[in-house]
Amino acid sequence: MSASAKSWALHLGLIAVLFAAQFGLPSYHATNVSRIMVLAVFAMGYNIAFGYTGLLSLGHALFFAAGMYGMGLPIWTLSWAPIPALIAGLVAGGALAGLVGLLALRTAGVSFMIVTLMFAQAGYLTLLYLNTHTGGDEGFVVDSAARVIAGFDLSTDAPRYMAALILFATAMLICLWLVRSPFGRVMVAMRENEQRSRMLGYNPFRVKLTALVISGLYAGIAGAAYGMLFGYVGATFATIQYSILPMLYVLLGGAGTVIGPFLGALLMFYLIDITSGYTTAYLFVVGAALVVLVLFAPKGILGTIRERGLKWLP
Amino acid sequence: MAALMQALGLTRHFGGIRAVDGVNFRLEPGEIHAIIGPNGAGKTTFVSLLSGRIPVQSGSITLGGEDITRLAAHVRVKKGIAYTFQITSVYPKLSVFDNVALAAQSAGARDLGGQVAAALARVNLAGLEDHLAGNLSYGHQRLLEVAMGLALKPRILILDEPTQGLAAGEIEGFKALVRSLVPETTVMLIEHNMEVVMDLATQITVLNFGQVLATGTPDQIRANPDVQSAYLGGHDAEG
Amino acid sequence: MAFGPFLFLALLEGTVMAAVLALTAVGLSLVFGVMRVVNVAHGEFFMLGAVAAWFVTYYLPFPPAVTWTIALLIAPLFVGAIAATADVLVLKRLKYDPEATIVATIGLLYILQQAALTFYGPDARPVEPPFHLRLQFPWFGYSGYKLFVVLAAGLILLAVWAFMTRTKAGLVMRATQVDMETARAFGINVDRVYAGTFALGAALAAAAAVLIVPIQQAHYLMGHDPLLLSFIVVIIGGLGSLRGTLVAALIIGLSDGVISMFFSPTLAKIIATLLVALVLVFRPQGLFGAKA
């Protein structure tokens, strides 16, 4: 089987397994997996910036929250229909990423991390400051009437799972196509050696900005979907924690792999879920995972597997 | 005949050091133009100014009559000036195919696979597409670097110390390769190996202390007393 | 209250804030300057200092003045030891790769927060100040302890300055800052310098927390604001420049005090964070730093 065929088989197979899983999973786990699929879309977006283009951002919570509020606010204040609201969330995430990128991409490395962190922090504080318009700390509930698409009530288990799966599958196939496209090759080239890439005729700023906007679109639609599927929009989703989570998922699953973000999200989610049965030390699990990964497995699970043999893994 | 590329009064100082100091330079289409000079004469800085890797302090550069003095490096690449690095600078973690494909797609290749194969064949690296560039031998990495330059389909190919570290047999192959490029591509060559220079170049410019010491054909340069003294002086100082 | 006295009060509060901030930020700046490490867990060292102070003052059966003084000595030592351990176990093994160390210190942040939550609990608890003294101004009364905080922070900073410029250890640290490779070649034990620097930076944050905890109470999430503000100060002051850090701490502390008093603390923080981002983008050497 050719590398391309193997990779299609793997990714379509994952989608098929997730589709079949909804019929076997108990309700509790079905909700978990829906959550994981949406968070995996967020992490995939993070991976496009970090894993493929080498942009280590600490500000992706801003784009996630932009998507969430971009979806939620028009419903809350203008009574928009769900589909236009989701599109507004998608656009908000991409637009904010573009805006931040225009400034932050003048820096690199550690400065880039801090600048993105600061913009995200300013965004979070702005949500609190404008509490009369945003619901502030408490956030708001998404109107249940606005959570029905084509007769499917997304607040119920089966439609919610399907909606999450459709979003996840679409996002993953686009990601797969992107990283195998000529532009995907240029993103990786930028990560590997920016100066060399410039001497091959690529404008580093434009390539990185494009990658960041794509990443922001992913984060935006993930935030919008999260708010819509689980019915709540709140400022907690703009905190630094939600910038760290996708980074953690990507590091765990394997930066620069298409399935890595999903694998990371799945494992991390259940790691916390299972350990929280024994201990409340949720923060410790996250912290220890970060330290252990960066010390012993900086390439993550799939990155290591790819290095050891499965070279065709995209 | 109009020059393909022309530099007038090109200058770049680093602190107090005049790396390139008022250089006038003409590159005619189809020539193989070698830039030579003792160590520290400003050769690499000079071609870096031409390719845009280092910004110009004063002076001007035109390409086919168009002023490109202030254009960013990646824009100049698009306009047909390709630069291959002195220190091998391929992407070690990417495959040979991806390395060359990056160059070919930048030049707008339609048939990526075909273009990559053609560029690799010209430097005798055909069949190595799936190898990681970092696993190639040093000589092969130098050739890959040249293949990337070729895949850009440049009007001007600037080769910075291309034969450094190549074995004698590889140098012969390399000379044949460069000869096969002209006149479609104009070649600029920074080179220490005088046999290669005298054998290949149709035109030579000698730099010394950031200034042009002489320009001419290999025979003229060989006969030039200034060049002889600069080189002999240089060797005395080094030895 | 009239505007004049109100402004005076705001400036007083700002000065206290600036003093504590300077101490915390100098710790962060030192670590970045010498080791080129951006320590995201710096705020947690601050928090641990406050929590340690609570334990010491709560469990030791002496009067507040004595227990607090003991806390001021023990808490920085304790926190410094934790930092040195983290350096040897984690940062050193990462070879101080800038991006990897940031990820690792984020992990450290969560671990320390969890440790505080587990062993100390989710409540905010007060620490008795070492003395009660009320200074009576014509318009309002003011805590004498707060002014003592300014004085104490100034003394500690002076001690740090003397240590860096007058002692052999300080010289070794500065030599390592300028050129780590050369320092190693001259037989300086760089590993020990790094562990010591990381410990010193953390100890300064802990000391700042012991000073402020009688005013502010100890809480396991209290490290967040000091971290953010220290970042702001260190970046605006110019990364790694101690003098710039001090000037910036004064400006940020005072302006934060004034803006928070007259407008909203949240707005003050929004402005400060945006300012930091813009400084890094357009003037990476800091507002007061010399061009590199």
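Residues numbered from 1 in each chain as written. Chains lettered and ligands numbered in written order. Predicted model: local features only at pLDDT ≥ 70, side-chain atom pairs only at ≥ 80, totals over all residues.

1. Some thoughts on the packing of helix 5 (residues 109–129) of chain A against helix 4 (residues 98–120) of chain C
(1) Moving on: At a minimum axis separation of 9 Å, helix 5 of chain A and helix 4 of chain C run at an interaxial angle of 35°. Here helix 5 of chain A runs over helix 4 of chain C; the crossing is right-handed. Contacts from A:Gly109, A:Val110 and A:Met113 of helix 5 of chain A reach helix 4 of chain C at C:Pro98, C:Glu99 and C:Ile102.
(2) Moving on: When the residues that make up the contact of helix 5 of chain A with helix 4 of chain C are grouped by side-chain class, the tally is 4 nonpolar, 1 polar and 1 charged. (Axes fitted to C-alpha atoms, helices over the stretch in contact; angles between N-to-C directions. Helix = DSSP H or I, 4+ residues; strand = E, 2+ residues; numbered from the N terminus. Left-handed = near helix turned anticlockwise from the far one by under 90°. Contact = placed C-beta atoms within 7 Å. Nonpolar A, V, L, I, M, F, W, Y, C, P; charged D, E, K, R; others polar.)

2. Side note on unusual backbone geometry
(1) Moving on: Geometrically, the link from B:Val182 to B:Pro183 is a cis peptide bond, its omega value of 5° lying close to zero.
(2) Moving on: Within the secondary structure, B:Pro183 is located in the loop between helix 6 (168–181) and strand 8 (186–190).
(3) Moving on: The backbone of B:Asn124 sits at a positive phi, close to 65°, despite the residue not being glycine.
(4) Moving on: Summarising the element assignment, B:Asn124 is placed in the loop between helix 4 (112–122) and helix 5 (138–151).
(5) Moving on: Unlike most non-glycine residues, C:Tyr96 shows phi in positive territory, near 60°.

3. Here we look at the pairing of strand 7 (residues 156–160) of chain B
All names here are of chain B.
(1) Moving on: Counting buried positions over the 5 residues of strand 7 gives 5, a clear majority of the element.
(2) Moving on: Neither face of strand 7 is left uncovered, since the one carrying Ile156, Ile158 and Asp160 and the one carrying Leu157 and Leu159 both have all their residues buried.
(3) Moving on: With 4 bridges joining them, strand 6 (residues 81–84) and strand 7 adopt parallel strand pairing. Bridged to Thr84 within strand 7 is Leu159. (Buried ≥ 20, exposed ≤ 12 C-beta atoms within 10 Å, placed from the backbone. Pairing = 2+ DSSP bridges.)

4. Some details on the domain arrangement of chain B
Residue and element names in this part refer to chain B.
(1) Moving on: With domains assigned, chain B is organised as domain 1 (30–55 + 68–80 + 154–239) and domain 2 (91–152).
(2) Moving on: Contacts between the two partners involve 10 residues from domain 1, matched on the other side by 9 residues from domain 2.
(3) Moving on: Per-element accounting of the side of domain 1 that touches domain 2 gives the leading share, 3 residues, to helix 6.
(4) Moving on: The residue makeup of the side of domain 1 that touches domain 2, split by class, is 7 nonpolar, 2 polar and 1 charged. (Domains from an automatic or database assignment.)

5. Observations concerning the sheet that holds strand 2 (residues 17–27) of chain B
Residues and elements named next belong to chain B.
(1) Moving on: With antiparallel pairing, the 4 strands of this open sheet are ordered in space as 2-1-4-5. Edge strands, defined here as strands with exactly one partner in the open sheet, are strand 2 and strand 5 (66–67).
(2) Moving on: Bridge analysis of strand 1 (residues 5–14) against strand 4 (residues 58–63) gives 5 bridges, and the strand direction is antiparallel. Along strand 4, the bridge assignment pairs Leu8 with Ser60.
(3) Moving on: Of the strands in this sheet, strand 1, strand 2 and strand 4 are in contact with helix 1 (residues 43–51), which crosses strand 2 at around 60°.

6. Things to note about the interface of chain B and chain A
(1) Moving on: In this assembly, 18 residues from chain B lie in contact with 14 residues from chain A.
(2) Moving on: Looking at the side of chain B that touches chain A, the elements that each hand over two or more residues are helix 2 (73–78) and helix 3 (96–106) of chain B.
(3) Moving on: With 6 residues, helix 3 of chain B is the single largest residue contributor to the side of chain B that touches chain A.
(4) Moving on: Of the residues that constitute the side of chain B that touches chain A, the class distribution is 10 nonpolar, 4 polar and 4 charged.

7. Overview of the sheet that holds strand 6 of chain B
Strands pair in a sheet through their backbones, by hydrogen bonds, and they do so in one of two ways: parallel or antiparallel.
Residue and element names in this part refer to chain B.
(1) Moving on: Taken in spatial order, the 6 strands line up as 6-7-8-3-9-10 in an open sheet, and their pairing is mixed. The open sheet has two free edges, formed respectively by strand 6 and strand 10 (211–216), since each of these has just one partner strand. Taking the axes of each pair of neighbouring strands and ignoring which way they run, one obtains an average angle of 15° across the sheet.
(2) Moving on: Bridge count between strand 7 and strand 8: 5 bridges; the pairing is parallel. The residue of strand 8 that forms the bridge with Asp160 is Ile190.
(3) Moving on: Helix 1 contacts strand 3 (32–36), strand 6, strand 7, strand 8 and strand 9 (203–208) of the sheet and is inclined by roughly 150° relative to strand 7.

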